[in-house]
Structures are given as C-alpha cells and as structure tokens.
Amino acid sequence: MSGIVQGVGFRPFVYRLACRFGLRGWVSNTVHGVKIEVVGKNGALDRFAESLRSEAPPMAEIVSVRRRKIKPALYETFEIRSSISRTGRTTLISPDAAVCEDCLAEMRDPANRRYRYPFINCTNCGPRYTIILDVPYDRANTTMASFSMCPECRAEFENPLDRRFHAQPNACPVCGPRVWLTDNRGRQVTEKGDPVSRAGRLILEGAVVAVKGLGGFHLAVDATNEEAVARLRQRKIRQDKPFAVMFPDPGSVRACCRVSTAARKYLTGPGRPIVLLPRKRRGLRLAWSVAPCQDTYGIMLPYTPLHYLLLEAASGRPLVMTSGNSSDEPIEIDNRDALKRLSHLADYFLLHDRPIFMRADDSVVQPVRGGIFPLRRSRGYAPRPIRLHKELPPVLAVGGYLKNTICLIRGRDAFLSQHVGDLDRTDTYRFFVLTVEQLKKLFEVVPDRVACDLHPDYLSTRWALSESGLPAVGVQHHHAHIVACMAEHGLSGKLLGLAMDGTGYGLDGNTWGGEFLAADEAGFKRVGHLPYVPLPGGDAAIRETWRTARSVFSAALGVDRLEGLGLGLWDRIGRGKVEAIDRMIQGRINCPLSSGCGRLFDAVAALVDLRTEVLYEGQAAIELESLAARADPGKTPVYSFESKEDVDCLVPDLGPMFGAIAHDVAAGLEASLIARGFHDCLIRMMAALSVRLCDSESLDRVVLSGGVFNNRYISEKLSVILHRAGLRVYAHRLVPPGDGGISLGQAVVAAQVKLE
Ligand code: ZN
Ligand code: ZN
Ligand code: FE
C-alpha cells in the first residue's frame with residue numbers, strides 16, 4: 001500500500017483494525033509504503049481491506065493498494081514490526097496539518113497534562129513539512145531534535161496503541177517548546193502569567209502583534225477595529241491588497257460571509273487554507289481597511305493550538321492574520337530576524353522556541369462550481385505530489401518570476417514546492433535556492449535536467465542556465481500553463497489551450513498573454529491570440545494602467561474621437577503626461593507589444609476610473625471582477641467584437657467593444673454595468689474563437705489556464721458555454737491557474753525532450 005502512509009499514524013490504525021476483525025499477522029513500513037500480512041476469515045479480510053480505505057487516518061493519503069493471497073502462516077497475534085529497511089525513495093512527506101479534535105479536546109480539559117498547551121499534537125495532526133530537515137522522518141531530523149521527551153511523552157511515543165505512537169513532534173509543557181511575549185525591542189513583557197492571554201488582550205486594545213505560527217510569522221490585529229487595521233496597512237505600505245482574516249469557528253464566519261458546503265469542507269479541512277468567501281450584504285462588517293474594493297473576504301480558521309488560544313484570548317473576535325513580512329519579502333520565520341525586520345510593523349511579538357525550518361505561507365483557495373481551485377498552494381498542501389498519468393524522467397523545473405514555485409518529478413509523482421514568491425529580491429532568491437536543495441534532498445531525486453522559462457532575465461532562468469549544472473530546457477510560458485493543467489487532469493495528446501494571463505515571454509519577440517495554442521505535452525502551435533497592444537513605457541504601463549487605457553482606446557477610436565468624448569480622466573491625469581504618451585504611441589517609442597489579456601482589464605479599469613494605477617499584479621482585474629459582480633444583469637450592455645478571417649492565426653478585433661465602452665463611459669453609464677458587459681464580451685469572444693479553432697484543428701478538448709482564470713466569473717461562465725458547445729473543458733483544480741502552477745507544466749514539457 002503506497003501514498004502518505006508513514007508518520008501519520010497508519011500502523012497503529014492497522015493494528016486496531018486487525019484487532020477489531022480478529023486478524024493475525026503484522027504491519028510494517030517498507031521503502032514502498034506499508035506492508036501488511038494478515039490471516040483470518042475471508043469475510044473479515046474483506047471488511048478489513050474495505051476499512052483500510054474508508055477509515056484511514058485523516059492525514060493519510062492512500063495512492064494504491066495491492067492485494068495478494070499468501071499461504072496461511074502461523075501467527076499468534078497481530079503486531080507492528082519495525083521498519084523493513086530505511087525509508088527510501090518512494091516515501092512521501094506529509095504537509096503540515098491543522099490540530100485535530102482529539103488534541104483540541106485535551107487542550108481544553110483542565111485535568112489533562114497538556115491543558116492550554118500551545119504545541120499539543122499527535123500522529124493525526126501538527127507540524128510536518130515545515131519542521132523536517134532531512135529524511136528519514138525521525139525526530140532527530142526535525143527542528144524538535146533539541147527537545148528531549150520526558151518519560152510520559154516517551155511512553156506515548158513508544159506505545160503502538162497510543163495516538164502519539166511515533167508522533168515525531170510529540171511534546172508537553174514539561175519537555176516541549178514554550179511561548180513568550182516581548183515588546184518590539186525584544187524585551188519580555190510577561191514574566192509570570194499567560195503570554196497568550198496577554199497578547200489577546202493587547203490585540204483587543206488595538207495593538208499589532210507579530211505571532212510566530214507554523215510556516216512563518218503573522219501580523220495579528222483586531223479585524224473589527226478600523227483604526228488598528230488602517231495603521232497596520234499604513235505601516236506595511238500595502239495600500240490595497242486584502243488582508244486574510246482568522247475567525248474562531250465556522251459558525252462565526254457565517255455572520256459575515258456566505259459559506260457553501262464545498263467552501264466549508266476546505267475551511268475546516270486539515271490543510272486549513274484561506275478561503276475566498278463572498279460577503280453577505282447585510283452581515284457583520286469587518287473594518288473597511290481589511291479588504292478595500294473587494295466583494296469577498298479571505299477567511300481561515302485557526303490551525304495551530306496557539307491560534308485557538310489566541311482567538312479565545314481575544315474574546316472570539318475575528319483577527320487579521322497577514323503574512324509577517326515587510327512588503328514583498330519572504331515571510332519571516334526566525335525570532336531574531338523577525339524582531340529586527342518587523343519591529344516597525346508590530347508592537348508586540350508572541351514568540352516560541354520550536355524553530356521553523358521551511359517557510360510556508362498560508363494557502364489560498366477559491367471555491368467554484370463543483371469544487372475549488374488554489375490561488376496559492378502552500379502550507380497544508382505542499383509537498384503533497386500531483387500524481388502524473390505515467391512515469392517521467394527526474395526533472396527539476398524552476399518556475400517563472402511572479403509567485404514562483406518549483407517542481408521536481410520522481411516517477412509518477414510531481415512534487416510542487418510551497419509558494420516561494422516574486423523572484424526579484426535577494427531574500428526570495430535565497431529561499432528559492434534553499435527550496436530547490438530541500439526538495440532534492442527530501443525526495444532523494446537527482447534530476448537529469450532543469451526546465452525553465454524562456455525569459456533570459458528571470459532569476460530562475462539564470463539559476464537554471466548558470467548555477468544548476470544541469471542541461472537546461474527552455475519552456476514557453478503559456479505552453480507551461482496549458483501543460484500544467486493537462487498534467488493535473490492526466491491528459492495527453494493534442495488539445496486547444498487557452499492561456500490568458502498578464503505577461504509571458506513570446507517566441508516572436510513580443511510579450512504574450514492572450515494565447516490560443518493547439519498543444520500537447522511536447523509542443524504547440526499558436527493558432528490564435530488577442531490583438532497586440534502597444535504598452536507605452538513597457539513595465540511602467542503595467543503599473544500606470546491609464547497608459548494602457550490611452551493606448552487601447554485611442555487605437556479603437558483614434559485620438560481625436562477619443563478626445564471628442566470629453567472624458568474627465570485625461571485632465572485628472574494631466575495633459576502633459578497624456579500628450580507625452582500619445583507621442584510615444586504614435587512614434588512607437590518604447591512601446592513593446594503585448595497580447596496580454598490582463599492588460600485589457602487594466603485598460604477598462606482605468607477608463608471607468610476604478611484604478612488608474614495598480615499596486616500589485618492583477619489588482620485592476622480583481623477589482624473589475626468585484627465591480628462586475630455588483631451589476632444588474634438585466635441592464636448590462638452587450639458589446640461586440642469581430643473575428644478576422646485571417647487563416648493562419650486568429651486574432652479578434654476588439655475595437656467595436658472598446659469603442660462602445662468609451663461611449664458608455666462618456667454617457668455616464670454605471671461602471672459596474674460596463675465592467676460586466678466587458679466580462680461578458682470577453683467570454684463570448686473566447687468561446688467563439690475556441691469553437692472555431694477546435695473545428696479547424698479537429699480538437700474536442702479545451703484547457704483553461706493562466707491568471708485570468710483566477711477570475712471565477714470568467715472561468716465558470718466560459719466553461720459552461722464551451723461545454724454546451726460539445727467540448728470537454730478542463731480547468732485547474734489542484735494547482736493555481738496563475739504563475740504558481742507553471743513549474744509543473746515546465747517539468748512535464750521538459751520531460752518529453754530526449755537528452756543526448
Ligand atoms: Zn492531534
Ligand atoms: Zn513531555
Ligand atoms: Fe502566466
């Protein structure tokens with residue numbers, strides 16, 4: 001039996017089952033997973049086999065079970081045998097898991113020796129990936145190595161019937177880690193008394209408290225206190241990016257958000273991601289500054305015992321729990337570093353002495369019709385593998401630039417790392433290198449090649465080319481997107497891929513990002529794309545979205561007619577600036593061409609005056625989606641596009657849509673209606689082109705990938721339309737549609753290459 005079956009209480013579980021069904025024999029860990037030999041009545045054996053799957057421990061993940069008849073041996077009892085050999089290359093490593101109900105009950109029991117102990121855990125819960133330094137997964141190879149178990153903990157650890165049997169992070173107040181509270185200069189503020197209660201009270205008084213968690217630090221503040229949240233936002237220089245909020249329990253979340261059954265499942269599951277939930281119109285209002293200009297909140301439930309204690313101490317108030325980092329640096333994990341680098345952000349520090357080895361940010365998931373997809377796959381999910389449909393050579397893929405992750409293939413498993421971050425800082429780069437080394441070590445893989453983006457300036461590409469010492473295979477960005485989605489669905493063969501995102505290195509020297517690719521795992525043909533838009537100033541236009549708006553709308557109408565509409569926008573930006581941009585566009589000076597779908601959102605968001613500048617990647621698109629959600633569908637204008645009869649490569653003409661949008665803006669039509677009409681037109685255009693291209697290329701499967709499909713409205717609606725047109729549609733469910741997923745696609749593409 002293989003899968004995540006080690007270090008998750010699997011053998012004691014098997015032992016108990018065997019006892020229940022009156023079976024004799026043994027269970028043992030092997031290099032291939034877990035091996036069981038049992039003797040007993042046929043019916044009992046069947047029920048035993050059935051229960052192995054249906055009742056498996058929460059953290060276990062069974063990938064395959066092979067059953068074989070043996071000659072009945074003479075066993076007197078059932079026993080847990082010591083491992084047949086050292087853990088080898090087929091073992092998997094469990095992600096960190098939220099504290100379980102049994103442990104919580106003990107933590108709340110005044111008679112229990114772990115009453116209110118913030119590090120209570122068992123074989124079914126607690127830290128894993130973030131504390132593991134090396135394999136095999138033994139305590140000596142974790143950050144718990146420096147704590148030696150007291151006799152009581154040791155007895156639990158060694159008793160096969162105890163629920164802490166071989167729970168490597170097992171600990172108690174006598175022998176385990178402890179927690180303390182300091183001010184922002186590192187001076188301890190509670191000599192006596194309970195530091196967690198004190199921290200909770202300080203939060204209620206409006207303080208920002210840095211809290212050391214599982215995969216890194218959080219900055220915690222009362223989510224109902226506008227003044228405190230605004231202060232944190234100001235200190236973090238993160239003017240608009242939404243903050244995640246931790247609620248004490250699922251019931252309290254309902255006061256503020258609508259929670260579907262699927263959403264609830266993820267909210268309360270052992271991965272405990274941040275779940276994006278729609279706000280209730282007349283529900284509990286959190287402080288405005290928690291998530292300005294959004295119609296959702298990012299909500300999570302407590303996942304460590306410390307979180308539960310802290311939320312209790314804060315009287316059950318929802319708390320902002322945002323990553324403890326300054327602006328875009330990696331999340332802090334070390335006490336001393338945190339005190340140094342977060343002291344301008346936090347007033348107090350709730351610290352502990354169980355070191356975090358691997359940082360892991362909170363995961364973020366978006367519920368959609370029929371499931372979820374991750375926006376960020378990190379703590380609680382990594383390094384659980386994506387199962388491939390066939391065995392591939394050992395490839396390392398180093399991802400892109402934004403939201404970087406890396407991927408390592410071993411046989412049929414693709415190990416995707418936690419979120420590394422935007423690779424533009426030395427800190428993030430160092431973390432990237434550490435993650436590469438760590439994945440290779442934990443999964444004992446020696447890659448024979450490295451896959452990277454084609455962009456020569458990405459730090460990941462440079463590392464692949466000059467530091468990795470491996471033959472490098474460059475993979476086109478949007479091809480990687482499509483193949484990532486194929487890989488998670490086990491697809492092969494030629495299909496139509498829609499890769500809609502912001503930016504990716506194109507093969508024609510332009511920036512791509514609105515691509516229709518006839519693709520398989522080995523290659524692709526660009527059969528269509530969104531029209532090229534000149535971006536005045538390149539990256540500057542990505543930040544100052546009004547530049548792209550000027551470019552897009554003057555192309556659709558001509559500068560004179562655009563001016564004739566008398567929009568106030570251009571005056572607010574400044575005549576001088578606008579004219580300079582016009583000259584750049586006319587003279588094609590520093591105006592790289594982009595087919596990025598995200599740029600169209602930028603243009604519309606700027607023209608309706610929602611956002612003329614963005615502070616983070618994808619901001620305009622996210623806010624435009626929120627705006628569109630508020631529109632009355634009955635009043636939404638219907639915009640149109642034209643598809644050109646170009647044979648080789650389909651490029652739609654979006655001019656009619658942009659012309660009509662400009663007129664509607666000038667006529668004062670409500671911005672939400674314009675935003676909705678724009679979404680609908682894009683969807684119709686993508687659907688029409690897909691149907692036509694599938695027809696001409698004789699394809700019947702469509703794969704949707706790229707950051708634009710983080711937009712739930714587009715991904716759901718487009719899927720429905722394509723499905724009705726008789727096509728099979730595949731969207732991401734396991735890895736992010738955005739650049740956090742491309743390392744998986746890179747790895748699979750590079751694996752197809754024959755090395756000399
Ligand atoms: Zn537990
Ligand atoms: Zn102990
Ligand atoms: Fe992308």
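Scroll up to find the structure.
Here's what I pulled together on the structure shown here. (Residues numbered from 1 in each chain as written. Chains lettered and ligands numbered in written order. Predicted model: local features only at pLDDT ≥ 70, side-chain atom pairs only at ≥ 80, totals over all residues. Heavy atoms only, no water.)

Things to note about the coordination of the zinc ion (ligand 1)
- Every protein donor of the zinc ion (ligand 1) is accounted for by Cys100 (SG), Cys103 (SG), Cys122 (SG) and Cys125 (SG), and the metal-donor separations fall at 2.3 Å.
- For the zinc ion (ligand 1), the 4 donor atoms in the first shell make angles of 104 to 116 degrees at the metal, a pattern classed as tetrahedral.
- Each donor residue of the zinc ion (ligand 1) lies on the same chain, and together they follow the pattern C-x2-C-x18-C-x2-C. With Cys103 in helix H3 (residues 101-107) and Cys122 in the loop between H3 and helix H4 (151-158), this pair connects stretches of sequence that are 19 residues apart.
- Assessed through its relative accessible area of 0%, Cys103 is described here as buried.
- Owing to a relative accessible area of 0%, Cys122 belongs among the buried residues under this scheme. (Donors = N, O, S within 2.8 Å, 3.2 Å for Na, K, Ca; no water. Tetrahedral: all angles 85-135°; square planar, octahedral: opposite > 155°, others 65-115°. Helix = DSSP H or I, 4+ residues; strand = E, 2+ residues; numbered from the N terminus. Buried < 20%, exposed > 50% of the residue type's maximum accessible area, 1.4 Å probe, protein only.)

Concerning the nonpolar core
- Of all hydrophobic cores here, the largest spans 70 residues; its most connected members are Leu498, Phe553 and Ile661.
- Among the elements that line this core, the one with the most residues is helix H22 (residues 671-697), at 12 residues.
- The contact partners of Leu498, leaving out residues within four places of it in the chain, are Ile482, Glu515, Phe516, Met686, Ser690, Val702, Val703, Leu704, Ser705, Phe709 and Leu718.
- Val27, Phe78, Ile93 and Ile132 belong to the second largest nonpolar core, which has 49 residues in total. (Core = buried A, V, L, I, M, F, W, Y, C linked by side-chain atoms within 4.5 Å. Contact = heavy atoms within 4.5 Å.)

Brief notes about the coordination of the zinc ion (ligand 2)
- In this structure, Cys150 (SG), Cys153 (SG), Cys172 (SG) and Cys175 (SG) serve as the protein donors to the zinc ion (ligand 2), at separations of 2.3 Å.
- Geometry at the zinc ion (ligand 2) is tetrahedral, judged from the 4 donor atoms that bind it and their angles of 106 to 117 degrees at the metal.
- We note that the donor set of the zinc ion (ligand 2) lies within a single chain, spaced as C-x2-C-x18-C-x2-C. Note that Cys153 is positioned in helix H4 and Cys172 in the loop between H4 and strand S6 (179-183), a separation of 19 residues in sequence.
- Since its relative accessible area comes to 0%, Cys153 is described here as buried.
- For Cys172, a relative accessible area of 1% gives the class buried.

Quick look at the layout of surface pockets
- By volume, the second largest pocket amounts to about 1,400 Å³.
- In terms of lining, the second largest pocket is formed by 37 residues, of which the most central are Met1, Val34, Val65, Arg66 and Arg67.
- Going through the elements one at a time, strand S1 (2-4), strand S3 (33-39), helix H2 (42-54), strand S4 (61-64), strand S16 (386-392) and strand S18 (407-416) are the ones with two or more residues in the lining of the second largest pocket.
- Ranked by residues supplied to the lining of the second largest pocket, first place goes to S3 with 7 residues. (1 Å grid on protein atoms, 1.4 Å probe; cavity = no way out; pocket = protein on both sides within 12 Å on 5 of 7 lines; lining within 4 Å. Points joined across faces, edges and corners; volume = space filled by probe spheres on them.)

Description of the side chain of Glu716
- Mapping Glu716 onto the fold places it in helix H23 (residues 712-724).
- One buried charged residue, Glu716, forms no salt bridge at all, with the nearest opposite charge on Arg369 at 4.0 Å.
- Within the structure, the side chain of Glu716 is placed 2.8 Å from the backbone nitrogen of Arg369, a separation counted as a polar contact.
- Leaving out residues up to four positions away in the same chain, Glu716 has contacts with Val368 and Arg369. (Lys, Arg positive; Asp, Glu negative; His and termini not counted. Salt bridge = Lys/Arg side-chain N within 4 Å of Asp/Glu carboxyl O. Polar contact = N/O pair within 3.5 Å; in protein donor to acceptor, adjacent residues only side chain to side chain.)

Observations concerning the sheet that holds strand S5 (residues 78-80)
- Read across the open sheet, the 3 strands follow the order S3-S2-S5; overall the sheet is mixed. The open sheet has two edge strands with one neighbour each: S3 and S5. Strand-to-strand twist in this sheet, taken as the mean axis angle between neighbours without regard to direction, amounts to 15 degrees.
- Here 7 bridges tie strand S2 (residues 24-30) to S3, and the two strands are oriented antiparallel to one another. Following the sheet pairing, Ser28 is matched in S3 by Lys35.
- In this fold helix H1 (residues 10-20) packs onto S2, S3 and S5, with an angle of close to 175 degrees to the strand it touches most, S5. (Pairing = 2+ DSSP bridges. Axes fitted to C-alpha atoms, helices over the stretch in contact; angles between N-to-C directions.)

Describing the pattern of salt bridges
- In the structure shown here, the tally under the stated rule is 44 salt bridges.
- Note that Arg20 and Glu55 form a salt bridge whose closest N and O atoms lie 2.5 Å from each other. You can see Arg20 sitting in helix H1 and its partner Glu55 sitting in the loop between H2 and S4, a full 35 residues away along the chain.
- The partner of Glu156 in a salt bridge is Arg114, and the shortest N-O contact between them spans 2.6 Å. Residue Glu156 is found in helix H4, and its partner Arg114 is found in the loop between H3 and H4; the two are separated by 42 residues along the sequence. Note on accessibility: Glu156 and Arg114 belong to one class, buried.
- Residues joined in a network through salt bridges with shared partners are Glu106, Arg113, Arg114, Glu152, Glu156, Arg163 and Arg164.

Quick look at the packing of aromatic side chains
- With the rule as written, the count across this model stands at 10 aromatic pairs.
- Seen from their ring centres, Tyr117 and Phe119 are 5.6 Å apart, and the 65 degrees between their planes marks the pair as edge-to-face.
- Under the relative-accessibility criterion, Tyr117 is labelled buried at 5%.
- By relative accessible area, Phe119 is classed as buried at 4%.
- Where Phe553 meets Phe658, the ring centres are 5.3 Å apart and the plane angle is 85 degrees; that geometry is what we call edge-to-face. (Phe/Tyr/Trp six-rings, centres within 6.5 Å; stacked < 30°, edge-to-face > 60°.)

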